Amino acid sequence: MRSIVFLLVLFVSAQAMAQDWGGLLKGVKKEVGNAGAKKKAQLDSIDFQLAMSVNENAGFFDVDNKGEGGATAMYMLKERSEKTDSEIARDTLAWATFYYNRRWFQPAQLALDNARSYMINKGLQRDISYLKSETMLGVVYLLQGRTEKADSIITVSLENTQSILGEKSVGYAANLNSRAKLEEMSGKYNDAERDFETSAQILKGIFKENSMQYAVLQNNKAMLYQTLGRYPQAVELMKEAIKNSEVKKDDKSFDTRRFQSNLAYLYQLSGDYVQAESILLTIKKTFENRLQTVGPEYAALLNQLGVLYIQTNKYDQSEPLLKKSAELYKKKFTEESPSFAKVQNDLGTLYRVQGKFPEAEAAFLRSIAIRKSVLGENHPDYVKSVDNLGILYWKKGDLTNAYTYFSEAMTKSLDFINQYFPPMSEVEKTKYWDILQPRFQRFYGYAVEASVSKPEILKDVMDYQITTKALLLNSTNKIKKAILESKDKQLIEDYLSWIGQKEALAKYYSLSKSELNDQKIDIKALEQQANASEKALSQRSGDFSKAYSSEKISYKKVAGLLGETEALVEIIRVRSFDKDFTDQSRYVALILTKGLDIPKMVVLDNGSQMETKFAKYYKNAIIQRIADQYSYEQYWSKIDPLLVGKKMIYFSPDGVYNQMNINTLKKTDGDYVGNRFDVVTIGNSKDIIALKSKKAILKKTAFVLGFPDYGGAAVALPGTKAEVENLAKILKLAGYTVSLSEQKEANEAKIKAVKGPALMHIATHGYFLADTDIGTGNAMGIDAENAKNNPLLRSGLILSGAPDPGKQQESSDLQSNDNGILTAYEAMNLSLEGTDLIVLSACETGLGDVRAGEGVYGLQRAFLVAGANALIMSLWKVDDAATQMLMTNFYNNWTKSGNKLKAFKLAQTQLMVKYKDPYYWGAFVMMGM
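Note on numbering: residues in each chain are counted from 1, in written sequence order. At least 70 in pLDDT is required for a residue's local features to be given in this predicted model, at least 80 for side-chain atom pairs to be given and counted, and no such filter applies to totals for whole chains, interfaces and linings, which use all residues. Derived side-chain values reflect all non-hydrogen atoms in the structure, with water molecules and hydrogen atoms excluded from consideration.

Peer 1: Requested: an account of the side chain of H761, with residues and values cited.
Peer 2: Under the scheme used here, helices are H or I runs from DSSP no shorter than 4 residues and strands are E runs no shorter than 2 residues, and both carry numbers assigned from the N terminus. Among the secondary structure elements, H761 is positioned in strand β8 (residues 759–763). Side-chain atoms alone can form a polar contact between residues adjacent in sequence; in general such a contact is a pair of N or O atoms within 3.5 Å, and within protein one must be able to donate a hydrogen while the other accepts it. Within the local environment of H761, its side chain forms a polar contact with the side chain of Y891, the two groups lying 2.7 Å apart. Throughout, a residue-residue contact means that at least one pair of heavy atoms, one from each residue, lies within 4.5 Å. Setting aside residues no more than four positions away along its own chain, H761 makes contact with F703, V704, L705, E723, V724, L727, V839, S841, M887 and Y891.

Peer 1: An account of the environment of G898 is requested, with residue identities and associated values reported.
Peer 2: Turning to its location among the elements, G898 is positioned in the loop between α37 (880–897) and α38 (900–914). Classification of G898 by relative accessible area gives exposed; the value is 57%. With 202 residues separating them in the primary sequence, G898 and A696 have C-alpha atoms 9.4 Å apart. Residue burial is assigned from relative accessible area. The probe radius is 1.4 Å, only protein chains are included, and a residue is buried under 20% of its type maximum, exposed over 50%, and partly exposed in between.

Peer 1: Tell me about the pattern of salt bridges, and please be specific about residues and values.
Peer 2: Any carboxyl oxygen of Asp or Glu within 4 Å of a side-chain nitrogen of Lys or Arg constitutes a salt bridge here. Under the defined criterion, the tally for this structure stands at 36 salt bridges. The closest approach of N and O atoms between K721 and E725, which form a salt bridge, is 2.9 Å. In this pair, K721 and E725 both sit in helix α32 (residues 718–733), four residues apart, roughly one turn of the helix. Classification of K721 as partly exposed rests on a relative accessible area of 30%. Residue classification places E725 among the partly exposed residues on the basis of a relative accessible area of 28%. The salt bridge involving K750 is made with E745; its shortest N-O contact spans 3.3 Å. Judged by relative accessible area, K750 falls into the partly exposed class, the value being 33%. Sharing partners across several salt bridges, the network here consists of R179, E183, D191, R194 and D195.

Peer 1: How would you summarise the side chain of E570 if you had to cite specific residues and measurements?
Peer 2: Following the sequence through the fold, E570 ends up in strand β1 (residues 566–577). Relative accessible area serves as the criterion here: at 0%, E570 is assigned to the buried category. Of note is the side chain of E570, whose polar atom sits 2.3 Å from the side chain of S685. Here E570 is in contact with M462, Q465, K469, V588, A589, L590, S652 and S685, once residues within four sequence places are set aside.

Peer 1: Could you give an account of the packing of aromatic side chains, naming the residues involved and the relevant values?
Peer 2: Pairs were defined over the aromatic rings of Phe, Tyr and Trp, the Trp ring being its six-membered one, requiring ring centres within 6.5 Å. Orientation was assigned from the angle between planes: stacked under 30 degrees, edge-to-face over 60, tilted for the rest. Inspection of every chain in the model, using the stated rule, returns 29 aromatic pairs. For the pair F440 and Y464, a centre-to-centre distance of 5.9 Å together with 80° between the ring planes defines the contact as edge-to-face. In this pair, F440 is assigned in helix α19 (residues 426–450) and Y464 in helix α20 (residues 457–468), connecting sequence segments 24 residues apart. In terms of burial, F440 and Y464 fall into one category: buried. An aromatic cluster is present here, built from W394, F406, W433, F440, F443, Y444, Y446, Y464, F577 and F581 joined pairwise through their rings. Two limits define a charge over a ring: the Lys NZ or Arg CZ must be within 6 Å of the ring centre, and within 35 degrees of the ring normal. It is R575 that lies over the ring of F581; its NZ or CZ is 4.0 Å from the centre. One residue, R625, lies across the ring of Y919, its end atom 4.1 Å from the ring centre.

Peer 1: Lay out the pairing of strand β4 (residues 648–652) in plain terms, naming residues and giving numbers.
Peer 2: For β4, a buried count of five out of five residues is recorded, marking the element as mostly surrounded by other parts of the structure. By the alternation rule, side chains of β4 split into M648, Y650 and S652 and I649 and F651, which are all buried. A pair of strands is treated as paired once DSSP finds two or more bridges between them. Note: β1 against β4, five bridges, orientation parallel. Within β4, the residue paired with E566 across the bridge is M648. Of the strand pairs in this sheet, β4 and strand β5 (residues 678–681) are connected by four bridges, and their pairing is parallel. Bridged to I649 within β5 is V679.

Peer 1: Could you give an account of helix α7 (residues 170–185), naming the residues involved and the relevant values?
Peer 2: Over its 16 residues, α7 runs 23 Å from end to end, which matches the ideal 22 Å to within 8%, given 1.5 Å per residue. The element α7 is extensively covered by neighbouring structure, given that 14 of its 16 residues are classed as buried. To estimate how far a helix should extend, the number of its residues minus one is multiplied by 1.5 Å.

Peer 1: Describe the nonpolar core, listing the residues and the values that go with them.
Peer 2: For our purposes a nonpolar core is just a set of buried Ala, Val, Leu, Ile, Met, Phe, Trp, Tyr and Cys residues, chained together by side-chain atoms within 4.5 Å. The biggest cluster of nonpolar side chains holds 231 residues, and the ones touching the most others in it are F443, W636, Y657, F863 and F890. For this core, the leading source of residues is α19, giving ten residues.

Peer 1: I'd love a proper account of the confidence of the model for the protein, names of residues and values included.
Peer 2: Per residue, pLDDT captures the predictor's confidence, and it can take any value from 0 to 100. With 82% of its residues at a pLDDT of 70 or more, the protein shows a mean pLDDT of 81. Throughout residues 57–78 the model reports pLDDT below 50, and contacts reaching past four residues in sequence, or to other chains, amount to 58 contacts. Every residue in residues 846–851 is under pLDDT 50, and counting partners more than four places away or in other chains gives 33 contacts.

Peer 1: An account of the environment of Q584 is requested, with residue identities and associated values reported.
Peer 2: Inspection of the secondary structure puts Q584 in strand β2 (residues 581–593). Residues Q584 and Q609, spaced 25 residues apart in sequence, show a C-alpha to C-alpha distance of 9.1 Å. Those residues within four positions of Q584 in sequence are excluded, and the remaining contacts are R575, S576 and S608. Separated by 3.1 Å, the side chains of Q584 and D583 make a polar contact. For Q584, the side chain forms a polar contact with the side chain of S608, separated by 3.3 Å.

Peer 1: So what's going on with the packing of α37 against α38? Residues and values would help.
Peer 2: A fitted line through C-alpha atoms represents every axis, and for helices the fit uses only the stretch in contact; the resulting angles, taken between N-to-C directions, go from 0 to 180 degrees. For the pair α37 and α38, the least separation of the axes is 8 Å and the interaxial angle reads 140°. The angle between α37 and α38 falls in the class oblique. Considering how the two elements wind past one another, α37 and α38 form a crossing that is right-handed. Between α37 and α38, the contacting residues are A882, M885, L886, N889, F890, N893, W894 and S897 on the first element and K900, A903, F904, L906, A907, Q908, Q910, L911 and K914 on the second. Any angle between 65 and 115 degrees counts as roughly perpendicular, while under 35 counts as roughly parallel, over 145 as roughly antiparallel, and the rest as oblique. When the near helix sits turned anticlockwise from the far one by under a right angle, the crossing is termed left-handed; a clockwise turn instead gives a right-handed crossing.

Peer 1: Let's hear about unusual backbone geometry: which residues, and what values?
Peer 2: Even without a glycine there, the phi angle at N313 is positive, about 65°. Inspection of the secondary structure puts N313 in the loop between α13 (296–311) and α14 (315–333). Positive phi values are uncommon outside glycine, yet Q743 reaches one of about 50°. With respect to the helices and strands, Q743 occurs in strand β7 (residues 737–743).

Peer 1: Tell me what's going on with the environment of I417, and back it up with residues and numbers.
Peer 2: By secondary structure assignment, the location of I417 is in helix α18 (residues 399–420). The spatial distance from the C-alpha of I417 to the C-alpha of T467 is 9.9 Å, given a sequence separation of 50 residues. If near-sequence neighbours (up to four positions away) are discounted, I417 is found in contact with P422, W433, L436, T468 and L471.

Peer 1: So what about the pairing of β1? Which residues, and what values?
Peer 2: A regular strand places its side chains on the two faces of the sheet in alternate fashion. Here β1 lies mainly inside the structure; eleven of its twelve residues are buried. Two elements, β1 and β2, share ten bridges in a ladder whose sense is antiparallel. The residue bridging I572 from the neighbouring strand is V588, located in β2. From the end of β1 to the start of β2, which pair antiparallel, there are three residues.

Peer 1: Got a sec to walk through the packing of helix α5 (residues 128–143) against helix α6 (residues 147–164)? Specific residues and values, please.
Peer 2: Between α5 and α6, whose axes approach to 8 Å, the crossing angle comes to 155°. Relative to α6, the element α5 is oriented roughly antiparallel. Crossing handedness for the pair α5 and α6: left-handed. Facing α5, whose interface residues are L131, E134, T135, L137, G138, Y141 and L142, α6 presents K149, A150, I153, I154, V156, S157, N160, T161 and I164.

Right, here's the structure in full:
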């Protein structure tokens, strides 16, 4: 009995002790959890997401703060029942961060929306977690390319962090960094540089210079310089970023290696392959010394180094690296992975340039099969492999198989343009077209060879050219601005929703099937939703429908509109391609006439000489007024025989043809082209459709500007005073309502205030600055860096109050109405819908940057994009007296006949009576009719 009582006492005592220990442990756990929560709260104020610029292989990472891991472990011990609303808000945000760090942006976006909704319901809009959720959401939209949504979120987040945390906080700096990334994507490079620098200085003050946060901003600024082509500055800044990132971290950590990979990428882009190789080999050695040679990071490095060796013709060194990379990816992910498929594609390229065609074919077919299975047939990487196989078959002489794969790649590429272009800014379109355009160039080169046995391929060439020529500059930005400034709230809301849908789709198209499944993204449903939105917008807005129409126009539709005595001449500049593109080019002329089923082709093989030696000769012969012995032979003699019996020629120039007036070409002992044909210059063959359906403009309103009071060192043009005043009299007698602006009234604000007059005539100085003409500081009052990177800022009109070009000026605000310079960038956004004709009676207004397949990036394209039907412009400096006579004759002829083209040609013929040389009468050309 005693023993039983003793055991009972022991049991009761042990139970009491267990309860005491349980209570003690619970108390300790609570204290540790509270300490972790306190530490987490302290870290929250500095733990904001920083968007970081990386190259293709550098990866993506979050910046850890000192003590973050330990604080998280301690905080996990705290029971949910004991957590505050603010701490629960932090937990909901943690899931979003988890998805974000895995680059699952769609789930991250949904988690962030849920977290924000919880915090709003709890009244926590001033809580640090709410501010972080805003910042992260802005970055998520940014990384998906959804610029409209990113802009709205970042703007609000920036205001909130400024108001609650102040301008010296990490939150404000993080949002400033995000805004800079957005500005970089939108081409606002100066604004981006300024915001990166401001953000960097804030972070430097908080974390000191030798911190990962400060290094990230230096990295971002360096990658911005890379975009601008400022490679030496980019390299030096990236070196500083690496140095600062190494101080508190292992200088051979994965994070530091990503910075180093960025530096190698900068060297690679700038053509300094020796430095790029040196860095990549150093990183490779670090991986190997640390026995980290089985992971995907090492495989990616080997892939990057292998591609570098292809670029530098070190083929023997490239192959083992690519094979090893493929082996590692296969072990890690199996063959059914995008990474393994990429290496197979790179191996195919290596074998092709080596002439190992069977091995190349096997590698490309393998890459295609994997990408088709894993990514799908509409993925850009799949199309890249298909295109590469087409190149292989072309170069091995199998033109039939080449066509099969080229055709698929071209069709998909046109789909990409329709899918990706609508929400893009002009800068983004340019960058994306720089990726796609070489694909079309290679096809044109292949088609020239294949057309010998397969002439019907020229139908494809014509259709592709019609679809892609002059693709970049269009009126979408203008329509966007008009919609956003309208008072139709529902239209604005629907438009922004559609833009967001298109931006999201553009990002999702780059994901693999498994990534789409993981993130529960239904591409087909999203496409249907976007198509439905687009249809509804088109029905509600005629401007939207016109600007975003994706109608495919066949050359047959164009040919069907031609009359019996009409012909179309489409010029295509084609770069030569061997193992890669060479510095040689050729010109292809495609000729269409009524009833012709297949376009006729003329090939001019000496394109490089046409662009240098003979172009210089043409210009010198014009300026020096000497007989031109060569230009007709070089530029027109082979085309002319295909135009027998034709009277009107629709001429769509490309490349060097944009820099000459073909009317001035003259056969020895023959007549000028302009006297033998009525030549209508157009930007794209499909412009014929608009010209043929154009209705007469009945209104008679004219805006006339000339004889500006420059106020600087620009030479006055007294002849323009007589020109515009005489013109005003002619127009008034013909029943026009004329608005005449002279001297101080001949300013930029006057032009920007004009709304679609029937006629706009501007007589002043024009300018065009080539890259080599731009130094530092500013160019015609525009920041030099912006001018170098945007050709539309390098040509324009000089008006009243223009800056003195001989003095250093502050950079002008592009939106200013009174800086005296109307750039082509600004002209593009004028309200000229319904304007029948613009006459730029100034020197070199037809000049600009000439891009193959794009025409002239300058005033001529800008005014046509702004809405004008036709444009008269000059290609060289003009004689004052001859210009007055030409313009007077033109307007007299036009007001009597009502036919611009015939009136202009007659005016040139009349001028020839007094001035025989083309220098006088050939400077001006008309685009449109």
